[in-house]
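These are the residues of each chain, in order.
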Amino acid sequence: MKNALTTNPSVLKWIQEKVELTQPDQIMWIDGSEEQLEQLRAEGCSTGELTKLNEEKLPGCYLHLSALNDVARVEGRTFICSEKEEDAGPTNHWMAPAEAYDLLYNIARGAYKGRTMYIIPYSMGPVGSPFAKYGIELTDSIYVVISMAIMTRMGKQVYEALGDSNDWIRGLHCKCDIDEEKRYICHFPQDNTIISVNSGYGGNVLLGKKCFALRIASNLGRKEGWMAEHMLILGLEDPEGKTTYVAAAFPSACGKTNLAMLIPPELYREKGYKVWCVGDDIAWMRVGEDGRLWACNPENGFFGVAPGTNMKSNPNALISTQKNTIFTNVVLNLDDNTVWWESMDKNPPKNANNWKGEKWDCTDGSKGAHPNSRFTAPAENCPCISSEFDSPAGVPISAIIFGGRRAKTAPLVYQSRDWDHGVFVGSIMASETTAAATGAVGVVRRDPMAMLPFCGYHMGDYWAHWIEMGKKLGDKAPKIFNVNWFRTDDEGHFLWPGFGDNLRVLDWIVKRCEGTADAQTTAIGYVPYAEDINIDGLDDFDLATLKSILEVDKELWSAEIAGIEEFYAKFGDKLPAKLVEELDTLKNNLK
Ligand code: OXD
Ligand code: MN
């Protein structure tokens, strides 16, 4: 092929087939150079796909507005196309591979006519590291190219690392007409292939992220003996300079990015505690040479939700967006060509366009930014990015934390008795809907390990894989915890201050890992003695309140059993016997 950046036969053959299928006018081999990216940004601005923002206030930043019907991940149109339906399991949509290829190729046929095919080589994980996996995404979207340049390690160095290997992930993205009725995000685990058509929204089209790094990678991890998880990774440095790493899984709207970039409360800052962010969304974890679990963030940037991000909730995230960032579906301030979103500050711009690109009156009660508007920011911008971010070996994980939003049942924090019990704790993870979101308040949604939309195979097999990983790790396995920042009083007010003060709970978790904090044994696991959680310097919070949110209410937990049984019933005989045993133990403990 002309100007090809590689001689890898499997790459060239696959691209040639896709060229014949999509029939582009032009082909551009993306090499990752700043010069080429700058040319694409300029072209994106000339067609209106991008708007260049104020170079003084937001250097290197752009605004992109998506189609109005294309603003979020589409779980209903996301398919796992494994050979056998039972391999996708009850939590995924499934399509037979032959049927899916047929359907998708019919949509993709001629889809690049009059357009350019961009060929993006990228690495998930530092290039050349034991964690790294390589992918090639074909797209007809400049927005995708420049976003992938932020979110992944992208460029021709990937071809060098790949050599002639056939071990890479194929990704085909066609914008087509952004037709909702023909929108499909399909994964073919047996072919290491992803095809996404009729969308331009990040979560559906930046194929390195959810599609590869979670759905395909969870399959690879199962086959190869490692784990791909929907988890942040952070390091907590103590005053002696010792850093303890934890990985944490939360369903959406539970503050994952905020925890990953947490600023310790003053009391802790003064003593010298620091939090370092390794990742805010995805963790790949494998057993290291020392037998411990090591984790790497396969991404290179943050694809964060903009509304709600402000100097109070997450200053590190806001600072990360001040240069070389792409904003999607936020407000454009027409006076100074900057951006704004709800709760960024109390001064919405008077002369502005909303996310639809229409003139916006900030006093009319309508939202200026879409609730799922995003920033795509380079990880290197983050003031608290970990020095180990690019480490080829990753970081050693001492604790795994699961969490959800529960007004009552789950205590502020508890520790599982052992790894298998921890797998049980992750499998029953749940979050409640809030009054703000829907009419039905307090509806419990199960989201095991926060992987419900991202596990690329049968969830029962996934739990079995977790149990297998525990066997490999033995007594070097990380300790497993569950946290709940969202306990409320009878009027629905949050009892725990949250945000930076969550460090107080992390502190107890680290002490448990070091064996320096005690705990009480309860029906659900180990719960802290209230005196062991440092609440010094907290206004309007006392020991009695702390005790109340550490309580394990046996009646509420007994009621929880029915919900767990109903959920588990979906998995039939794929439900690991270990988890049934753990459920029985819980039932007995509650008697
Ligand atoms: C995300 C998500 O965008 O989980 O990270 O939806
Ligand atoms: Mn996520």
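Quick caveat, the model's predicted, so the values are computed rather than measured.

K.L.:
Tell me about the domain arrangement of the protein chain, and name the residues and values.
P.N.:
Note on interface size: it is often stated as the accessible area lost on association of the parts. Assigned domains within the protein chain: domain 1 (9-47 + 74-225), domain 2 (229-300 + 387-590) and domain 3 (302-381). The gap between the C-alpha centroids of domain 1 and domain 3 is 28 Å. In this complex, domain 1 contributes 9 residues to the contact, which on the side of domain 3 involves 10 residues. Summing both sides of the interface, domain 1 and domain 3 together bury roughly 770 Å²; the carbon and sulfur share of this comes to 73%. It is Tyr143, Ile150 and Tyr201 in domain 1 that bury the most area against domain 3; as a group they hold 62% of the surface buried on that side. The tally of links from domain 1 across to domain 3 stands at 0 salt bridges.

K.L.:
Residues and numbers for the sheet that holds strand S20 (residues 331-333), please.
P.N.:
What the 4 strands build is an open sheet, ordered S21-S20-S22-S23; its pairing is antiparallel. Lying at the two open borders of the sheet, with one neighbouring strand each, are strand S21 (338-340) and strand S23 (359-360). Pairing geometry for strand S22 (residues 352-353) and S23, over 2 bridges, is antiparallel. Note on S23: the bridge partner recorded for Asn353 is Lys359.

K.L.:
I'd like to hear about the site of ligand 1, residue by residue, with values.
P.N.:
Taken together, Arg73, Lys210, His230, Asp281, Arg374 and Phe454 are the residues near ligand 1. For ligand 1, an oxygen atom lies 3.0 Å from a polar atom in the side chain of Lys210. Considered on its own, ligand 1 offers 210 Å² of accessible surface; in the complex 84% of this is hidden by protein.

K.L.:
Which residues make up the packing of aromatic side chains, and what values do they have?
P.N.:
On inspection of all chains with the given rule, the structure shows 25 aromatic pairs. The interplanar angle of 65° and the centroid separation of 6.0 Å between the aromatic rings of Tyr122 and Phe212 together place this pair among those described as edge-to-face. In this pair, Tyr122 sits in strand S6 (residues 116-124) while Phe212 sits in helix H8 (residues 208-224), placing the two residues 90 residues apart along the sequence. It is Arg77 that lies over the ring of Tyr184; its NZ or CZ is 4.7 Å from the centre. Taking the ring centre of Phe486 as reference, the NZ or CZ of Arg405 above it sits at 4.2 Å.

K.L.:
Describe in detail the coordination of the manganese ion (ligand 2), supporting the description with residues and values.
P.N.:
The protein atoms donating to the manganese ion (ligand 2) are Lys210 (NZ), His230 (NE2) and Asp281 (OD), with metal-donor distances spanning 2.2 Å. Spacing between the donor residues of the manganese ion (ligand 2) along their common chain follows K-x19-H-x50-D. Taken together, the residues span a long stretch of sequence, with Lys210 in helix H8 and Asp281 in the loop between strand S15 (274-279) and strand S16 (283-287) at a distance of 71 residues. Accessibility expressed as a relative area gives 6% for Lys210, which makes it buried.

K.L.:
Now, about the pairing of S6: what can you tell me, with residues and values included?
P.N.:
Each regular strand shows side chains that alternate between the opposite faces of the sheet. S6 sits mainly inside the fold: 9 of its 9 residues count as buried. Burial of S6 is two-sided: the residues Thr116, Tyr118, Ile120, Tyr122 and Met124 facing one way and the residues Met117, Ile119, Pro121 and Ser123 facing the other way are all buried. Of the strand pairs in this sheet, strand S1 (residues 26-29) and S6 are connected by 4 bridges, and their pairing is parallel. Counted as the bridge partner of Gln26 is Thr116 from S6. Relative to strand S7 (residues 133-139), S6 is paired through 7 bridges, and the arrangement is antiparallel. Bridging from a neighbouring strand, Ile120 pairs with Glu137 of S7. Relative to strand S8 (residues 153-154), S6 is paired through 2 bridges, and the arrangement is antiparallel. If you follow Tyr122 over to S8, its bridge partner there is Met154.

K.L.:
Which residues make up the environment of Phe402, and what values do they have?
P.N.:
Locating Phe402 in the fold gives a position in strand S25 (residues 395-403). As for Phe402 and Met429, which are separated by 27 residues in sequence, their C-alpha atoms are 7.3 Å apart. When residues no more than four places from it in sequence are discounted, the contact partners of Phe402 are Met231, Ala249, Gly422, Val425, Gly426, Met429, Met449, Trp466, Ile480, Phe481, Asn482 and Val483.

K.L.:
Can you lay out the side chain of Thr91 for me, pointing to particular residues and giving the numbers?
P.N.:
Within the secondary structure, Thr91 is located in the loop between helix H3 (85-88) and strand S5 (93-94). A relative accessible area of 17% places Thr91 in the buried class. Beyond its immediate sequence surroundings of up to four residues, Thr91 is in contact with Leu452, Met459 and Phe571.

K.L.:
Quick rundown of the pattern of salt bridges? Include the residues and the values.
P.N.:
Think of it this way: side chains of opposite charge can pair up when their charged atoms draw near. All told, the structure shown has 32 salt bridges when counted by the stated rule. When the shortest N-O distance is used, the salt bridge between Lys133 and Glu224 registers 2.9 Å. With Lys133 in strand S7 and Glu224 in helix H8, the pair connects residues that are 91 residues apart, well separated along the chain. For Lys133, a relative accessible area of 10% puts it in the buried group. Since its relative accessible area comes to 40%, Glu224 is described here as partly exposed.

K.L.:
Quick rundown of the environment of Ser196? Include the residues and the values.
P.N.:
Its location among the elements puts Ser196 in strand S11 (residues 193-197). A C-alpha to C-alpha distance of 7.9 Å links Ser196 and Gly171, two positions 25 residues apart in sequence. Excluding its chain neighbours within four sequence positions, the residues that come into contact with Ser196 are Leu172, His173, Cys174, Tyr184, Ile185, Asn204, Val205 and Leu207.

K.L.:
Break down the pairing of strand S17 (residues 293-296) for me, with residues and values.
P.N.:
Here 4 bridges tie S16 to S17, and the two strands are oriented antiparallel to one another. By the bridge assignment for S17, Val287 is matched with Leu293. Hairpin connection of S16 to S17: 5 residues between the antiparallel strands, including Gly291 at a positive phi of 85°. As paired elements, S17 and S25 share 2 bridges and run antiparallel to each other. For Trp294, the partnering residue across the bridge sits in S25 and is Pro396.

K.L.:
Before we move on, could you go through the environment of Cys455 and cite the residues and values that matter?
P.N.:
The topology assignment puts Cys455 in the loop between strand S28 (444-446) and helix H13 (459-473). Judged by its relative accessible area of 0%, Cys455 falls in the buried class. Considered as a pair, Cys455 and Asn219 are 236 residues apart in the sequence and their alpha carbons are 8.2 Å apart. In this view, Cys455 contacts Asn92, Ser218 and Tyr462; residues no more than four positions away in its chain are not counted.

K.L.:
Got a sec to walk through the sheet that holds strand S24 (residues 374-378)? Specific residues and values, please.
P.N.:
Strand order in the open sheet formed by 5 strands is S2-S3-S19-S24-S18, and the pairing between neighbours is mixed. Edge positions in the open sheet fall to strand S2 (51-52) and strand S18 (301-305), since each of these has one partner strand only. As paired elements, S2 and strand S3 (residues 62-64) share 2 bridges and run antiparallel to each other. The residue bridging Thr51 from the neighbouring strand is Leu63, located in S3.

The rules we used
- Starting from 1, residues in each chain are numbered consecutively following that chain's sequence as written.
- Naming scheme: in the order in which they are written, chains are lettered from A and ligands are numbered from 1.
- The predicted origin of the model limits local features to residues at a pLDDT of at least 70 and limits the giving and counting of side-chain atom pairs to 80 or more, whereas totals for whole chains, interfaces and linings rest on all residues.
- Remark: hydrogens and water are excluded; side-chain values derive from all non-hydrogen atoms of the structure.
- Bear in mind that the domain bounds are from an automatic or database domain assignment.
- Two residues form a contact once any of their heavy atoms are found within 4.5 Å.
- Using a 1.4 Å probe, buried area is obtained as the accessible area two parts lose upon being combined, added over both of them.
- We define a salt bridge as a contact between a side-chain nitrogen of Lys or Arg and a carboxyl oxygen of Asp or Glu at a distance within 4 Å.
- One bridge is not enough; two strands pair if DSSP finds at least two bridges between them.
- Helical segments are the DSSP runs of H or I of at least four residues, strand segments are the runs of E of at least two, and each set is numbered from the N terminus.
- Residues are classed as near a molecule or strand on a simple rule: at least one heavy atom within 4 Å of it.
- Identification of polar contacts relies on pairs of N or O atoms within 3.5 Å, with a donor-acceptor requirement for protein atoms, meaning one able to donate a hydrogen and the other able to accept it, and with residues adjacent in sequence counted only if both atoms are side-chain atoms.
- The Shrake-Rupley method, run with a 1.4 Å probe, gives the accessible areas here. Residue values count only the displayed protein chains as cover.
- Stacked, tilted and edge-to-face are the three classes applied to pairs of Phe, Tyr and Trp rings, where Trp contributes its six-membered ring and a pair requires centres within 6.5 Å; stacked means planes under 30 degrees apart, edge-to-face means over 60, and tilted covers the rest.
- Two conditions define a charge located above a ring, namely a distance within 6 Å from the ring centre to NZ of Lys or CZ of Arg, and an angle within 35 degrees of the ring normal.
- We call an atom a donor if it is N, O or S and sits within 2.8 Å of the metal, or 3.2 Å for Na, K and Ca. Water is not counted, so some sites may look partial.
- Per-residue accessibility, obtained with a 1.4 Å probe over protein chains only, is compared with the maximum for each type, and a residue is labelled buried under 20%, exposed over 50%, and partly exposed between these values.

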